[in-house]
Amino acid sequence: MIQLTLKDGSVKEVEPGISAYEAAQAISEGLARAACVCKINGEVKDLRTVLDSDCELEILTFDSDEGKRAFRHTASHILAQAVKRLYPSAKLAIGPAIDDGFYYDFDVEKPFTPEDLKALEEEMKKIVKENLPLERFELPAGEAIALMQEKDEPYKVELIEEHAASGEPISFYRQGEFTELCAGPHLMRTGAVKAFRLQQATGAYWRGDSNKSMLQRVYGTAFTKKSDMEEHLAALEEAKKRDHNKLGRELELFTTSEVIGQGLPILLPKGARVVQLLQRFVEDEEQKRGWLLTKTPFMAKSDLYKISGHWDHYKDGMFVLGDEEKDSEVFALRPMTCPFQYQAYLNRARSYRDLPLRYNETSTLFRNEASGEMHGLIRVRQFTISEGHLMCTPEQLEQEFKGCLELAIFMLKTVGLYEDVSYRFSKWDPNDRDKYIGTPEQWDEAQDSMERILKHLEIPYKVGVGEAAFYGPKLDIQIKNVYGKEDTLITIQIDQMLAENFGMEYTDRDGTKKHPYIIHRTSIGCYERTLALLIEKYAGAFPLWLAPEQVRVLPIADRHHEAAYAVLQQLKDAGLRAEVDDRSEKLGYKLREARLQKVPYMLVIGDKEAEEGTIAVRRRGSEESNTMTVEAFLDSALADVQSKVIW
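I will try to describe carefully the structure that is included in this document. All values reported here derive from a predicted model rather than from experimental measurement. (Residues numbered from 1 in each chain as written. Predicted model: local features only at pLDDT ≥ 70, side-chain atom pairs only at ≥ 80, totals over all residues. Heavy atoms only, no water.)

One key point about sheets: their strands pair by backbone hydrogen bonds, in either a parallel or an antiparallel sense. With mixed pairing, the 5 strands of this open sheet are ordered in space as 2-1-7-4-5. The open sheet has two edge strands, strand 2 (11-14) and strand 5 (43-45), and neither has a second partner. When the angles between neighbouring strand axes are averaged without regard to direction, this sheet yields 35°. Sitting on the sheet, helix 1 (residues 20-27) is in contact with strand 1 (2-5), strand 2, strand 4 (35-40) and strand 7 (55-61), with an inclination near 85° to strand 7. Contacts from helix 3 (residues 65-86) reach strand 4, strand 5 and strand 7, with the element oriented near 125° to strand 4. (Pairing = 2+ DSSP bridges. Helix = DSSP H or I, 4+ residues; strand = E, 2+ residues; numbered from the N terminus. Axes fitted to C-alpha atoms, helices over the stretch in contact; angles between N-to-C directions. Contact = heavy atoms within 4.5 Å.)

Both the distance between ring centres and the angle between the ring planes are used here to describe each pair of aromatic rings. Applying the stated criterion across every chain, the model contains 21 aromatic pairs. When the centroid spacing of 5.4 Å and the interplanar angle of 70° are considered together, the rings of Phe-281 and Trp-545 count as edge-to-face. Here the residue Phe-281 occupies a position in helix 9 (residues 269-288), and Trp-545 occupies one in the loop between helix 16 (527-538) and strand 31 (551-555), the gap between them amounting to 264 residues. As far as burial versus exposure is concerned, Phe-281 and Trp-545 are alike and both buried. The ring of Trp-291 carries the charged tip of Arg-521 above its face, separated from the ring centre by 4.0 Å. It is Lys-644 that lies over the ring of Trp-545; its NZ or CZ is 5.1 Å from the centre. (Phe/Tyr/Trp six-rings, centres within 6.5 Å; stacked < 30°, edge-to-face > 60°. Buried < 20%, exposed > 50% of the residue type's maximum accessible area, 1.4 Å probe, protein only. Lys NZ or Arg CZ within 6 Å of the ring centre and 35° of its normal.)

Approximately 1,700 Å³ is the volume found for the largest pocket. Lining the largest pocket are 40 residues, and of these Ile-98, Gln-200, Arg-217, Tyr-219 and Lys-485 lie nearest its centre. Within the residue set of the lining of the largest pocket, elements represented by two or more residues are strand 9 (97-98), strand 10 (101-107), strand 14 (195-205), strand 15 (214-223) and helix 7 (226-242). Here the lining of the largest pocket gets 8 residues from one element, more than from any other, and that element is strand 14. (1 Å grid on protein atoms, 1.4 Å probe; cavity = no way out; pocket = protein on both sides within 12 Å on 5 of 7 lines; lining within 4 Å. Points joined across faces, edges and corners; volume = space filled by probe spheres on them.)

Relative to the 28 Å expected for 20 residues at 1.5 Å per residue, helix 9 spans 29 Å between its end C-alpha atoms, a close match to the ideal helical length. By the burial criterion, the buried members of helix 9 are Gly-271, Val-274, Val-275, Leu-277, Leu-278, Phe-281, Val-282, Glu-285 and Glu-286. The buried side chains of helix 9 occupy one side of the element, clustering within an arc of 155° when seen end-on. In helix 9, the exposed residues that point more than 90 degrees away from the buried face are Pro-269, Gln-287 and Lys-288. On the buried face of helix 9, the contacting elements are strand 17 (266-267), strand 22 (357-366), strand 23 (382-392), helix 13 (397-415), strand 30 (517-526) and helix 16. (Expected span 1.5 Å × (residues − 1). Arc of directions from axis to C-beta.)

So yeah, pure geometry; function would need other evidence.
Take a look at the structure:
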């Protein structure tokens, strides 16, 4: 008998040589039916894996992240098999599971149409009904390449050739007549995938490189129950209504231009106003907390980036101006502000009495993102960020880190995004040394410091190995867009390496020279990304203090124009952003227009209001109106603006 230690700590005995699925059946029949994959000694495996020694066993269902990935990855194989049945000449690329579904890339003669996707769904249903077993097998690299060449799958051959140098066997999965290069794990049979939907087909470059083949990427999703899938699809439809890339253009917050280029959005007056309000708020709050404003150049000679390490570790992500082989001086647009602000620190000698020294800047940065990564305001090539760098002693590190985190949380709570965030502790990957500067000892010290701080502050976090900056670990504050895709909004980093590179020192109490610790931080993150998230969060209906147009005055007839413009002047004198709609349209039309443009307040003026010097106030989202004086309205509205209330 072998002993299995289960997730709850209990120990069960089963016969040796049985599969993990059979073991699950012996432990719990119901759980076995719901199982997707398993963990054996912490490693995710197929349920077919044979158990032949004592181990820790955890059965993973669709409720777990690993179970969902295996379930949806299996769905992507079913899609690929359907494509090969209906389009035998199609070439297979890759087909991973993603956060809320899966996709598969195909090289086909012409793009898939909606009708094609429906036909593929029908073929997938047949494959599910056939309930084909998914069987794993391995081949040496040479035989694996020969198999894929025989099947005329050039993209698979390329992938195998890249892995051949490791000397490890190459794994495949077979289901019926279909064989797929894959590391797994997978479900045991195709019949388990009963609820699925193909959502769209788009173009995608092989490996995200615009110099390589354009493929067809088919997106889909899969669930264990049809009702869950329908609920998910309904949520996606709601997400489309909130998508900032669509809604932001409709509300005239931003636009793009092909002649300017991808990832270079144009903020229109309304969007620019929202960003201006955020910037002023952030800079004022940072000043209250002891941050000192700097303004540094948008570019620098390569010399600066060579000292910081960006030239060796980040050059591909930079816009370089000039040719190193031809020009005596080569410049680059800045991808971050840290090496520039270090020059402010180096402006004069420093002592421990100067520390902590906090520099902040509203920085415009430039990063050469791949064209396939561009998306509205979420991922762009030029962006503006609330960036700061803080120099401190080792003794000050925890308190200052805490202050940076408190600032970020305050900002997120004020704009209403805090409830949607999660934390990631991004560490280095010691197996990828070329990606980083510094010694293992320096990395251990920096990561130990951050881990100690995060535990002391009771910050719940996930660990991201290999996600650190090249010079230090970081806390990433993550947030999801309406489609569930996660991006980093705010980072706080600990750095004990770049101070040495730049010769940054301070004289300590004992007269010795020491290098300061540096904290890199943002307080609200990239303004463009923040604007995108706010559009989606509020479906364009911004809180009053952030609304680009806070009040619209609506005269009912031409004879009410004079009274309307008098009210407008009172509103503007009080500091509110207001407009008059004096078009010769019916009041219902004007009200509908104001609602569509998400204006928080509509003030109606007719005969009664003009005569009495009052206004009929309609608040966004309400069909009722309240008659009051302009002064009473101002008292209420300005109180909401001052407190930055969210409604």
